[in-house]
Protein chains: 2
Amino acid sequence: MQYPLPIAKLIDNFMKLPGIGEKTATRLAFYTLDMQDKDVEDFSQALIEAKKQIHSCSICGNITDTDPCEICSNTNRDQTIMMVVEQAKDVMAFEQMGEYNGLYHVLHGVLSPMDGIGPEEINIKNLIIRLQKSDEIREVILALNSTPEGESTAMYLGKLIKPSGIKVSRLASGLAVGSDIEYANSITLKRAVQGRISL
Amino acid sequence: MQYPLPIAKLIDNFMKLPGIGEKTATRLAFYTLDMQDKDVEDFSQALIEAKKQIHSCSICGNITDTDPCEICSNTNRDQTIMMVVEQAKDVMAFEQMGEYNGLYHVLHGVLSPMDGIGPEEINIKNLIIRLQKSDEIREVILALNSTPEGESTAMYLGKLIKPSGIKVSRLASGLAVGSDIEYANSITLKRAVQGRISL
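Within any chain, residue numbers begin from 1 and follow the written order of that chain's sequence. Following the order in which they are written, the chains are lettered starting with A and the ligands numbered starting with 1. The predicted nature of this model means local features are confined to residues of pLDDT at least 70 and side-chain atom pairs, given and counted, to a pLDDT of 80 or more, with totals for whole chains, interfaces and linings taken over all residues. Note that water and hydrogens are dropped before the side-chain values are worked out from all heavy atoms of the structure.

Per an unreviewed UniProt entry, chain A goes by Recombination protein RecR and derives from Lactobacillus iners DSM 13335. UniProt positions are given in the numbering used here, feature names are shortened, and annotations may be inferred rather than shown by experiment. As its UniProt record puts it under Sequence similarities (unreviewed entry), chain A is described as follows: "Belongs to the RecR family." As recorded by UniProt, the Function (unreviewed entry) comment attached to chain A reads in full: "May play a role in DNA repair. It seems to be involved in an RecBC-independent recombinational process of DNA repair. It may act with RecF and RecO."

1. Examining the pattern of salt bridges
By convention in these notes, a salt bridge is any Lys or Arg side-chain nitrogen within 4 Å of a carboxyl oxygen on Asp or Glu. What the rule picks out here adds up to 12 salt bridges over all chains. A salt bridge links Lys51(B) to Asp37(A), with the nearest nitrogen and oxygen atoms 3.8 Å apart. Of the two residues, Lys51(B) is situated in helix α3 (residues 37-53) and Asp37(A) in helix α3 (residues 37-53); the pairing between them involves two chains. Of the charged contacts in the structure, one is a salt bridge between Asp42(A) and Lys38(A), with a shortest N-O distance of 2.7 Å. One end of the pair, Asp42(A), and the other, Lys38(A), are both in helix α3, 4 residues apart, so they sit about a helical turn from each other. For every residue, the accessible area (1.4 Å probe, protein chains only) is compared with the maximum for its type, and the residue is labelled buried under 20%, exposed over 50%, or partly exposed between those bounds. A relative accessible area of 28% places Asp42(A) in the partly exposed class. Helix and strand assignments come from DSSP, with helices taken as H or I runs of at least 4 residues and strands as E runs of at least 2, each series counted from the N terminus.

2. Overview of the environment of Val177(A)
Turning to its location among the elements, Val177(A) is positioned in the loop between β6 (167-170) and α7 (186-194). Look at Val177(A) and you get exposed, because its relative accessible area is 88%.

3. Observations concerning the sheet that holds strand β3 (residues 81-85) of chain B
Residue and element names in this part refer to chain B. Here the rule is simple: two strands pair whenever DSSP picks up at least two bridges between them. If you walk across this open sheet you meet the 4 strands as β4-β3-β5-β6, and the pairing is parallel. Sheet topology places β4 (103-106) and β6 (167-170) at the edges, where each strand pairs with a single neighbour. Each strand of the sheet is rotated relative to its neighbour by a mean of 25 degrees, with strand direction disregarded. Set on the sheet, helix α4 (residues 88-97) makes contact with β3 and β4; between it and β4 the angle comes to about 155 degrees. Here an angle of 0 to 180 degrees is reported between the N-to-C directions of two axes, which are lines fitted to C-alpha atoms, with helices fitted over the stretch in contact. Any pair of residues with heavy atoms lying within 4.5 Å of one another is described as a contacting pair.

4. What to know about the relation of the copies chain A and chain B
Our superposition of the copies is a least-squares fit, built on the C-alpha atoms of residues whose pLDDT is at least 70 in both. When chain A is fitted onto chain B, the two copies agree to an RMSD of 0.1 Å after a turn of 180 degrees and an axial shift of 0.1 Å. Within this description, the copies of the chain are treated as partners about a two-fold rotation axis. Relative to the rotation axis, the closest C-alpha in chain A is found at Ser44(A), a distance of 2.1 Å. Looking at the interface residues of chain A, 100% of them are also at the interface in chain B, so both copies use one shared face.

5. Description of helix α2 (residues 22-34) of chain B
Multiply 1.5 Å by the residue count of a helix minus one, and that product is the helix's expected span. Relative to the 18 Å expected for 13 residues at 1.5 Å per residue, α2(B) spans 19 Å between its end C-alpha atoms, a close match to the ideal helical length. Taken as a whole, α2(B) has its buried residues at Ala25(B), Thr26(B), Leu28(B), Ala29(B), Phe30(B), Thr32(B) and Leu33(B). At its buried positions, α2(B) is contacted by α3, β2 (63-64) and α4 (88-97) of chain A together with α1 (5-15) and α3 of chain B.

6. A look at the pairing of strand β4 (residues 103-106) of chain A
All names here are of chain A. The alternating pattern of β4 places Leu103 and His105 on one face and Tyr104 and Val106 on the opposite face, and all of these are buried. In this sheet, β4 lies alongside strand β3 (residues 81-85) in parallel orientation, the contact comprising 4 bridges. For Val85, the partnering residue across the bridge sits in β4 and is Val106.

7. Quick word on the pairing of β3(B)
Residues and elements named next belong to chain B. Taking burial as the measure, the 5 residues of β3 include 5 buried ones, the bulk of the element. Burial along β3 is two-sided: Ile81, Met83 and Val85 facing one way and Met82 and Val84 facing the other are all buried. With 4 bridges joining them, β3 and strand β5 (residues 139-142) adopt parallel strand pairing. Bridge pairing in β5 links Ile81 to Glu139. With its strands directed away from the observer, a crossover is right-handed exactly when the path from the first strand over the helix to the second travels clockwise. Tracing the backbone out of β3, into α4 and back to the parallel element β4 gives a crossover that is right-handed.

Below, the structure is given as structure tokens:
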């Protein structure tokens, strides 16, 4: 015996989401059956609307429902500094930090020759054009993940941007605040020692 | 800064699901943005269709898109035995086991006086009516969870059904197959010893 078709379909759809296996998908599908009609309709509509209305900002590549995005069109932001991130989610993480008031550029990925992702496949061309066009930008912060791909992408971009005379920096590596030395890996420890700060 | 409204709404909707917090909801919402248009439309429609088409079988209370459900309308099934379960999902678990060919009755919950759930709040009345109407049913298996509420509901139903002369049984308690005695709790061990089987 199988589940009735409508619920089997719903389970299949939940299973397409990352990190959701058959058991969880079944639990979620059954849960939605017990939800209010209106809540399910809202959910259904939110999926369609997000997919329809959200797109990449034509300037920075951040997700937005306007174009240019809220950040690119905000003239109160510092136009002399730009942070290059991998994903639109990273923009939100820095915005929540609340200390950065400059521009962003979203790469939508990192270089990964093993997966066939070269400079053409990510949003690098637009970055270079933006930097060439602007005579205000003084610094580019490469805020890429501390993964092998993130670091090699940062190296690549650094070499590309530096000749133009713009200052290029990357985020500090070291111990996460609140973490134990005991559990840190040796590369992190090495970075933390290399980047030690005098008191 | 907040996420653009359509994505913020989608995140909120994912957060209404059980076991999904803000971080996971955000990850899922961003994932759906990268999905194919058709997949998102299918997902959206699957939610609405499941909610609209799935209802409880008027006889047994199992979820179904027909009425009566596939099991109740299947005359090849053993009409002399009925398994009483808490949730529709439990029906599927026993069906997947593949050894049981009788009828079901879904309670949609268990007695829980602390939460204000008495016999009127769950599908007990229909169960008694079914048993009274049928002159075929010889045995009722109370396949309720091995929780305090499940066991007290089983006790309650046992007292209610036994006077009619129908045989009432409950599932065996004991060690789960593949589990270690070392990790079993003492009530489980007690049940396993009490229910020991001679070889």
